[in-house]
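# Examination of the molecular architecture
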Amino acid sequence: MADRKTLQADQISGHSGASPGLGMQRDLEVCKLIDTTTCIGCKACEVACVEWNDMPFQPTTFDNTYQTMPKTNWNFWNLIKFNEHQNADGTIQWLMRKDQCMHCADPGCLHACPADGAIVKYANGIVDFNQENCIGCEYCVSGCPFDIPRFNPMTKKVYKCTLCSDRVGQGLEPACIKACPTGCLKFGSKEDMSFIANERANQLRENFGFQNAGVYDPQSVGGTHVIYVLHDATDPERYGGLPKNPTIPWSYTVWKWLFKPVLGTFALFGFLGVLAHYVTSGPRMAQPEPPTKEETHG
Amino acid sequence: MASGAIESFDNKARREFESLGRTRVYRGELLRHPVYTRVLHWTVALFFFLALFTGFGIYLPWLFRWFTPFFGGGPLSRQMHPWFGLGFVFFFGLQVLNWLAPMLWTAADTKWMRNVHKIVSNEEKMDPPETGFFNAGQKVQFWEIVGGCIVFIITGAILWGGAKYFGGTAVAVSYVLHDISALIMLGGIFIHIYQSTFGEPGTFQAMIRGAVSEAWAWTFHPAWYKQVTGRDPVQACEEARRKMEGRR
Ligand code: HEM
Ligand code: SF4
Ligand code: SF4
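Every chain begins its residue count from 1, and numbering advances along the sequence as written. As they are written, the chains are lettered A onward and the ligands numbered 1 onward, keeping that order. Residues qualify for local features only when their pLDDT is at least 70, as the model is predicted, and side-chain atom pairs are given and counted only at 80 or more; totals for whole chains, interfaces and linings, by contrast, use all residues. With hydrogens and water excluded, all non-hydrogen atoms of the structure serve as input to the side-chain values.

### Section: the overall build of chain A
Heads up, the condition is: Put simply, DSSP marks the helices as runs of H or I at least four residues long and the strands as runs of E at least two long, and each gets a number from the N terminus on. The buried label goes to any residue with under 20% of its type's maximum accessible area, the exposed label to any with over 50%, and the partly exposed label to all in between, with areas taken from a 1.4 Å probe on protein chains only. Any two residues having at least one pair of non-hydrogen atoms within 4.5 Å are treated as being in contact.
Counting its regular elements, chain A contains eight helices and 10 strands. Considering chain A as a whole, with its 298 residues, one finds that 50% of them fall into the buried category. Nonlocal contacts in chain A, meaning residues at least 24 apart in sequence, comprise 57% of its contacts between residues at least 6 apart.

Here it is, written out as structure tokens:
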């Protein structure tokens, strides 16, 4: 990281300002902040994502809502989830939530993946898939509490949001951030984003009457590198199924890291076992055995 | 009714395969396994090892990295594994129909199991007189594979369909059961291969040529020997011993 910082442009001749995203690498951990309260559902981020990642576009599905398609896809990593929520007092609220990989500090996908190097988590918090190492087993799909990785049936590999690791590595912000017109998307250090998010939640509680406003940064997966400001943090489910308490199945932690290698070794002991039997007891012969010599020992 | 249909299906298959290959039984030998049984056995074994070896690459890819290229790499291994598994289960299913009758558990098997340590330690030179066509150890191996196949089919289908059809929890549980089943079966196969080759010499030919020596039969499967020859196994063994000593 340090070497990158030394070569980061601070001033550029004949240029109106420094490069966008300057100072981004001040802190190791990056974070995307999504303020659902100021998202207008314009889908600029969806388009920016498809554009930057060079993905073949796919037809959208109209289902009488303001949502582009029912779910993210292998070539559509960023989806504004829409929900018309009815409050207790009968008023309604249009909830928009940008759905994409959360870049968990403790990523379930990575725990579930058996392939060497198919999923990496960088020191800055980005969780990235390396398709050249992926074997297409789709275990990551079941390990992810946010239902994010998507299988491409043509390449037999799995894809998801990279948090624009290619851009961030060059000191730029993710493409979706650059496209957002309302400033509801922000990108920076985890520390800064948490601070801004909490300030905004405070403001919502104190000045706008959203008593339950809060920040979504679930600690059950060690926190995430994508955080939300929600009008009502007590019920994240209403925002297109954001899990209240995301968890990783135990079979990907205990079984995989402990029992898999240990029991695999035990199975190989079967081989040593029969070898030992052959050496100590010897084979059982059809009777009568040819009486070649008298037994002289034992 | 159903068992009658199975019986006639198996009989037909045995007849057909007997015209494809043949089983030579020499003097002093007995017919053990017909062509149909042998073909099924080795087809099952082939698919088992194909599924096992492609499974290695999914079980611990970092350990079997050097190995997966034999199957065209990790992704291709992953693609082929379920098909090999299906082949294994399918042909073993035919073998189950073929072997159902001799594999049924009897009181003699329970008794055999209680004495298993004497057989493993080679203390008993001959199997107990009630041991029939298959001994209890072989039956355990057979039924373990039947149970394993059921686990493989159910959990395998869930892993094949994936979380998008069956949900994350089902996949997370299935893969552990799938692994455990494979480990048990692998451990069993080590013992099986050992017993049928080095452990009890004269057994291997039962699955190759289909015939075994009479001595092998009266030693390891006395009740079966009695059933097919009508002679008493212990007496036959004693006679052979006397002949052998006389010759010396
Ligand atoms: C190189 C590998 C193998 C060898 C040398 C081998 C050899 C044999 C032999 C000689 C028999 C006949 C035993 C008898 O007549 O009493 C037999 C039976 C049998 N084989 Fe195999 N086999 C092999 C692999 C497998 C595999 C992979 C499976 C299934 C997963 C399998 C399943 C069975 C079963 C269920 C029986 C009947 C019960 C028993 O004898 O245990 N075998 N095998
Ligand atoms: S949201 Fe899912 S895919 Fe993204 S890092 Fe977390 S577990 Fe992995
Ligand atoms: S499909 Fe997912 S879990 Fe499987 S190798 Fe690829 S990234 Fe890893």
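Having seen it, we continue.
### Quick word on the packing of helix H2 (residues 35-59) of chain B against helix H8 (residues 168-199) of chain B
Residue and element names in this part refer to chain B. The condition is simple: Only the contacting stretch of a helix is used when fitting its axis, a line to C-alpha atoms as for every element, and angles between N-to-C directions run 0 to 180 degrees. Roughly parallel covers angles under 35 degrees, roughly antiparallel covers those over 145, roughly perpendicular covers 65 to 115, and oblique covers all other angles. By definition, turning the near helix anticlockwise from the far helix through less than a right angle yields a left-handed crossing, and turning it clockwise yields a right-handed one.
Packing of H2 against H8 leaves a shortest axis separation of 12 Å and a crossing angle of 130°. Relative to H8, H2 is oriented oblique. Crossing angle aside, the handedness with which H2 passes H8 is left-handed. Along its contact with H2, which presents His-41, Phe-48, Phe-49, Leu-52 and Tyr-59, the element H8 presents Asp-179, Leu-183, Met-185, Leu-186, Ile-189, His-192 and Ile-193.

### Side note on the site of ligand 3
Which entries qualify depends on this criterion: Nearness is judged by heavy atoms alone; a residue qualifies as near a molecule or strand once a single heavy atom is within 4 Å of it. Residue type decides the class: Asp, Glu, Lys and Arg count as charged, Ala, Val, Leu, Ile, Met, Phe, Trp, Tyr, Cys and Pro as nonpolar, and the leftover types, Gly among them, as polar.
Near ligand 3 there are 13 residues, and of these A:Cys113, A:Cys134, A:Cys137, A:Glu138 and A:Cys140 occur at the shortest range. Here the shell around ligand 3 is built from residues that sort into 11 nonpolar, one polar and one charged.

### Section: the domain arrangement of chain A
Accessible area lost on assembly of the parts is the figure often given for the size of an interface. Residue and element names in this part refer to chain A. Test applied: The split into domains, and so the bounds of each, comes from an automatic or database assignment of domains. Two parts placed together each lose some accessible area under a 1.4 Å probe, and adding up what both lose gives the buried area. Whenever Lys or Arg places a side-chain nitrogen within 4 Å of a carboxyl oxygen from Asp or Glu, that contact is recorded as a salt bridge. What qualifies as a polar contact is a pair of N or O atoms within 3.5 Å, subject to a donor-acceptor requirement within protein and to the restriction that residues adjacent in sequence count only when both atoms come from side chains.
Split by domain assignment, chain A resolves into domain 1 (27-248) and domain 2 (250-283). A straight line from the C-alpha centre of domain 1 to that of domain 2 covers 42 Å. Facing nine residues of domain 1, the contacting portion of domain 2 comprises four residues. Taken over both partners, the interface formed by domain 1 and domain 2 buries close to 540 Å², and the fraction arising from carbon and sulfur atoms is 53%. Linking domain 1 to domain 2 there are zero salt bridges. Run the count over domain 1 and domain 2 and you get two residue pairs in polar contact (both at pLDDT 80 or more). Looking at the side of domain 1 that touches domain 2, the elements with two or more residues in it are helix H3 (108-112) and helix H4 (139-143). Split by residue class, the side of domain 1 that touches domain 2 holds six nonpolar, three polar and no charged.

### With respect to the side chain of A:Thr162
Assignment of secondary structure puts A:Thr162 in the loop between strand E7 (157-159) and helix H5 (165-168). A:Thr162 has contacts with A:Trp77, A:His103, A:Ile126 and A:Asp128, leaving out every residue within four places of it along the chain.

### What to know about the coordination of the iron atom of ligand 1
Residues and elements named next belong to chain B. Definition in use: Note: metal donors comprise N, O and S atoms at 2.8 Å or less from the metal (3.2 Å for Na, K and Ca); water molecules are not included, so apparent gaps in a site are possible. Metal sites are grouped by the angles between bound donors: all angles between 85 and 135 degrees with four donors is tetrahedral, opposite donors over 155 degrees apart with the others between 65 and 115 is square planar for four donors and octahedral for six, and any other pattern is irregular.
The iron atom of ligand 1 binds to the protein through His-41 (NE2) and His-192 (NE2); the donor distances cover 1.9 to 2.0 Å. Its six donor atoms give the iron atom of ligand 1 angles of 86 to 179° at the centre, a pattern that matches the octahedral case. Here His-192 lies in helix H8 and His-41 lies in helix H2, a separation of 151 residues in the sequence. Note on His-41: relative accessible area 16%, which makes it buried.

### Observations concerning the confidence of the model for chain B
The following threshold applies: Each residue carries a pLDDT score, the predictor's confidence in it, ranging from 0 to 100.
On average, chain B scores 92 in pLDDT, and the residues at 70 or more come to 99%. What the predictor reports for the complex is a pTM of 0.83 with an ipTM of 0.81.

### Considering the site of ligand 2
Taken together, 13 residues sit near ligand 2, with A:Cys101, A:Met102, A:Cys104, A:Cys109 and A:Cys144 positioned nearest. Looking at the shell around ligand 2 residue by residue, the class counts come to 10 nonpolar, two polar and one charged.

### Quick look at the sheet that holds strand E1 (residues 30-35) of chain A
Residues and elements named next belong to chain A. Note the threshold: Strands qualify as paired when DSSP identifies two bridges or more between them.
An order of E8-E1-E10-E9 is seen for the four strands of this open sheet, with the pairing classed as mixed. Looking at which strands have only one partner, the edges of the open sheet turn out to be strand E8 (185-189) and strand E9 (214-216). The average angle at which neighbouring strand axes cross in this sheet is 25°, direction not considered. Sheet topology places E1 next to strand E10 (residues 226-230); four bridges connect them, and they run parallel. Bridge assignment links Leu-33 to a residue of E10, and that residue is Ile-227. On top of the sheet, helix H7 (residues 190-207) reaches E1, E8, E9 and E10; it is set at about 135° to E8, its chief contact.

### Regarding the pattern of salt bridges
Taken as a whole, this structure holds 18 salt bridges over all chains when the rule is applied. For A:Arg284, the salt bridge goes to B:Glu200, with nearest N and O atoms at 3.1 Å. Placement of the pair is A:Arg284 in the segment after helix H8 (254-280) and B:Glu200 in the loop between H8 and helix H9 (204-208), with the two residues belonging to separate chains. For the pair A:Arg284 and B:Glu200, one class covers both residues: buried. Its salt-bridge partner being B:Arg209, residue B:Glu29 comes within 2.7 Å of it at the nearest N-O pair. Note that B:Glu29 is positioned in strand E1 (residues 29-31) and B:Arg209 in the loop between H9 and strand E2 (211-213), a separation of 180 residues in sequence. Through salt bridges with shared partners, one network takes in A:Lys71, A:Asp147 and A:Arg150.

### Topic: the domain arrangement of chain B
What the domain assignment lists for chain B is domain 1 (1-21 + 35-100), domain 2 (138-212) and domain 3 (217-248). Here the C-alpha centre of domain 3 of chain B lies 36 Å away from the C-alpha centre of domain 1 of chain B.

### Regarding the nonpolar core
Inclusion rule: Buried residues of nine kinds, namely Ala, Val, Leu, Ile, Met, Phe, Trp, Tyr and Cys, make up a nonpolar core once their side-chain atoms join them within 4.5 Å.
Counting residues in hydrophobic clusters, the biggest one holds 67 residues, and the most contacted among them are A:Ile119, A:Tyr139, A:Phe146, A:Leu185 and A:Tyr252. Among the elements that take part in this core, H8(B) stands out by supplying four residues, more than any other.

### Considerations on the side chain of A:Lys32
Here is the rule: We treat Lys and Arg as the positive residues and Asp and Glu as the negative residues; His and chain ends play no part in the count.
Relative to the helices and strands, A:Lys32 resides in strand E1. For the buried A:Lys32, no salt bridge is present, and the opposite-charge side chain at shortest range is A:Asp99, 10 Å distant.

### A closer look at the interface of chain A and chain B
Listed by partner, the interface residues are 43 residues for chain A and 49 residues for chain B. The junction of chain A with chain B conceals about 4,100 Å² of combined surface from both sides, 62% of it contributed by carbon and sulfur atoms. When the buried area of chain A at its contact with chain B is split by residue, A:Ile135, A:Arg284 and A:Gln287 rank highest and sum to 21% of it. For the pair chain A and chain B, the interface holds three salt bridges. Salt-bridge contacts for A:Glu138 lead to B:Lys164; the nearest nitrogen and oxygen are separated by 3.0 Å. For the pair chain A and chain B, the interface holds 15 residue pairs in polar contact (both at pLDDT 80 or more).

### Section: the packing of aromatic side chains
Residues and elements named next belong to chain A. Using the following cut-off: Pairing of aromatic side chains here covers Phe, Tyr and the six-membered ring of Trp, requires ring centres within 6.5 Å, and sorts the geometry by plane angle: under 30 degrees stacked, over 60 edge-to-face, intermediate tilted. Comment: the charge-over-ring label is applied if NZ (Lys) or CZ (Arg) is within 6 Å of the ring centre and within 35 degrees of the ring normal.
Applying the stated rule across the entire model yields 36 aromatic pairs over all chains. Here the aromatic rings of Tyr-66 and Trp-94 are separated by 4.9 Å at their centres, their planes lie at 45°, and the arrangement is tilted. Here the residue Tyr-66 occupies a position in the loop between helix H2 (44-52) and strand E2 (79-86), and Trp-94 occupies one in strand E3 (residues 92-99), the gap between them amounting to 28 residues. Residue classification places Tyr-66 among the partly exposed positions, given a relative accessible area of 47%. For Trp-94, a relative accessible area of 44% puts it in the partly exposed group. Here the guanidinium or amino end of Arg-200 rests over the ring plane of Phe-208, the centre of that ring lying 5.7 Å away.

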